[in-house]
Amino acid sequence: HLAKISPAKRDKIRRILNELIKFHYIQKHETRGEKGRFSNPEYIVHEFPCNGYFDHLKDTEAVSTDPVEPPRSNPPQQRKQLKQNIQVTKNTTTNKNLIWSSKLTIKQQESILQLLSNIEQESAQTLLDELAGQIDHVKNPVGYFRTLLQAYQAGNFIAAKALQTQSTREARQKNELAVEKSRKYAEEQLKLQINKHSGKFSHD
């Protein structure tokens, strides 16, 4: 049926399905008939990887109906470069050193921090920025972050929203610095004026 309604051929579709099954986006169920032969398989498609990890989180996380695009595969050369850039260290990531989305609860931060225990600081922040850029469309922030982390460790992570999140944060920080400088400058000018007038009154 998929081959009939899409330009992809049967072999390509089969490879795509197998990859989705491998990463738990599709569950394939086969049952035997009366004569012991396998009947047509049943495919169950999930928006997020369904490997049992998310079951205990369904009732505790915010629910959204907006779809989220799963991490996409990179070209082989780019994938190789990403793998080379992965730096694994011990206890290098701490809650104090990371910038978190304001939409994450303390409990969610703690769960994500456990996943990041062996991830280098800069890489951890990039993953968090990607989550922050996608969080409005995510049902389960912790589960989605785990998916991002798995893609990163496999060399398949693409920072679709992280760069935008970082640029927005940098622009906000520059604006805050500019406002702070303006405030200090205004205070200094006010003090100069006060001192000037105070000296004039003393002289008079």
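Residues numbered from 1 in each chain as written. Predicted model: local features only at pLDDT ≥ 70, side-chain atom pairs only at ≥ 80, totals over all residues. Heavy atoms only, no water.

## Quick notes on the overall build of the chain
If you tally the helices and strands in the chain, you get seven helices and two strands. Helices and strands in the chain line up, N terminus first, as α-α-β-β-α-α-α-α-α. In the chain, which comprises 204 residues, the share counted as buried stands at 25%. Considering only intrachain contacts with a sequence separation of at least 6, the fraction spanning at least 24 residues in the chain is 66%. Entry remark: accessible area of the chain is about 14,900 Å², with carbon and sulfur atoms responsible for 52%. (Helix = DSSP H or I, 4+ residues; strand = E, 2+ residues; numbered from the N terminus. Buried < 20%, exposed > 50% of the residue type's maximum accessible area, 1.4 Å probe, protein only. Contact = heavy atoms within 4.5 Å. Areas by Shrake-Rupley, 256 points an atom, 1.4 Å probe, with all protein chains shown as cover.)

## Notes on the packing of helix α4 (residues 106–115) against helix α6 (residues 141–153)
How two helices pack is summed up by the angle between their axes together with the distance between the axes. At a closest axis distance of 10 Å, the pairing of α4 and α6 adopts a crossing angle of 20°. By the angle class used here, α4 and α6 are roughly parallel. Between α4 and α6 lies a crossing whose hand is right-handed. For the pair α4 and α6, the contacting residues are Gln108, Ser111, Ile112 and Leu115 in the first and Pro141, Val142, Phe145, Arg146 and Leu149 in the second. Grouping the constituent residues of the contact of α4 with α6 by class yields six nonpolar, two polar and one charged. (Axes fitted to C-alpha atoms, helices over the stretch in contact; angles between N-to-C directions. Parallel < 35°, antiparallel > 145°, perpendicular 65-115°, else oblique. Left-handed = near helix turned anticlockwise from the far one by under 90°. Nonpolar A, V, L, I, M, F, W, Y, C, P; charged D, E, K, R; others polar.)

## Quick look at the side chain of Gln125
Structurally, Gln125 is set in helix α5 (residues 121–134). When its relative accessible area of 11% is taken as the criterion, Gln125 is described as buried. Those residues in contact with Gln125, other than ones at most four positions away along the chain, are Asn97, Leu98, Ile99 and Arg169.

Coordinates in, geometry out; function isn't part of it.
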